[in-house]
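Spelled out, the chains give:
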Amino acid sequence: KILSNFGVSLAIEGFGDAVKESDVIFLVVLDYKVATEWVSSLDHEALIGRTVIQFTTGCATEARAFKALVGSHGGSDYLDGAIADYPAGVEEARALIHYSGSSALFEKLKPLLLSFGAPNFVGKASFPSPQHRFLSLSLSLSLSLSLSLS
């Protein structure tokens, strides 16, 4: 429903075709293994001029390796995203979503990111850093506590 507001068409045969038709690629898959398989299946220049935003759960080592893989396929614009209150709020685009990477890229894409929830830039480091885990837990506990007191 949200993506159709941006002219996204579902008449695409596969991941490679979707990448060719997109300036911004949102990867929301099971884990970094699947994301790595998908990006590895692309031509080495497939991501030139495209932005990749990754929402896969994993460790910081996997996030750094994946960012390097994206770069090896021509992708220089990359953000790591972490949905803090999944699944609550995702359907209504009100989820708190933390992003890491380039602050300039985050600011450039902020109008688009607002379509998916409340974007929060947490710095340049790849997710999930120990600081991010603490921040997510703190924010989740604060939100839960404030909602239960209301």
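Reading the values: the criteria
- Residues numbered from 1 in each chain as written.
- Predicted model: local features only at pLDDT ≥ 70, side-chain atom pairs only at ≥ 80, totals over all residues.
- Heavy atoms only, no water.
- pLDDT = per-residue confidence, 0-100.
- Contact = heavy atoms within 4.5 Å.
- Helix = DSSP H or I, 4+ residues; strand = E, 2+ residues; numbered from the N terminus.
- Phe/Tyr/Trp six-rings, centres within 6.5 Å; stacked < 30°, edge-to-face > 60°.
- Buried < 20%, exposed > 50% of the residue type's maximum accessible area, 1.4 Å probe, protein only.
- Pairing = 2+ DSSP bridges.
- Axes fitted to C-alpha atoms, helices over the stretch in contact; angles between N-to-C directions.
- Parallel < 35°, antiparallel > 145°, perpendicular 65-115°, else oblique.
- Nonpolar A, V, L, I, M, F, W, Y, C, P; charged D, E, K, R; others polar.

### Brief notes about the confidence of the model for the protein
Alright, step 1. Here the protein averages 80 in pLDDT, while 75% of its residues score no lower than 70.
Alright, step 2. Every residue in residues 140-150 is under pLDDT 50, and counting partners more than four places away or in other chains gives 1 contact.

### Thoughts on the environment of Ser-76
Alright, step 1. With respect to the helices and strands, Ser-76 occurs in the loop between helix H3 (60-72) and strand S3 (77-83).
Alright, step 2. For the pair Ser-76 and Val-52, spaced 24 residues apart in sequence, the C-alpha separation works out to 8.5 Å.

### Comments concerning the packing of aromatic side chains
Alright, step 1. For the coordinates displayed, the defined rule picks out 8 aromatic pairs.
Alright, step 2. Here the aromatic rings of Phe-66 and Tyr-78 are separated by 6.2 Å at their centres, their planes lie at 50 degrees, and the arrangement is tilted. Taken together, the residues span a long stretch of sequence, with Phe-66 in helix H3 and Tyr-78 in strand S3 at a distance of 12 residues. For the pair Phe-66 and Tyr-78, one class covers both residues: buried.
Alright, step 3. Ring centres 5.8 Å apart and planes at 45 degrees place the aromatic pair Tyr-99 and Phe-106 in the tilted group. Phe-106 matches Tyr-99 in its accessibility class, with the two residues each being buried.
Alright, step 4. Here the aromatic cluster, defined as three or more aromatic residues joined through ring pairs, consists of Phe-26, Phe-55, Tyr-99, Phe-106, Phe-116 and Phe-121.

### A few points about the sheet that holds S3
Alright, step 1. Spatially, the 5 strands line up as an open sheet ordered S1-S2-S3-S4-S5, and their pairing is mixed. In the strand order of this sheet, the two ends are held by strand S1 (24-27) and strand S5 (117-123), each with one partner. On average, each strand axis in the sheet is tilted by 25 degrees relative to the strand beside it, whichever way the strands run.
Alright, step 2. In this fold helix H4 (residues 103-113) packs onto S1, strand S2 (51-54), S3, strand S4 (95-101) and S5, with an angle of close to 175 degrees to the strand it touches most, S5.

### So, the packing of helix H2 (residues 32-40) against H3
Alright, step 1. Packing of H2 against H3 leaves a shortest axis separation of 10 Å and a crossing angle of 10 degrees. On the basis of the axis angle, H2 is roughly parallel to H3. Between H2 and H3, the contacting residues are Tyr-32, Ala-35, Thr-36, Val-39 and Ser-40 on the first element and Glu-62, Ala-63, Phe-66 and Leu-69 on the second.
Alright, step 2. Grouping the constituent residues of the contact of H2 with H3 by class yields 6 nonpolar, 2 polar and 1 charged.

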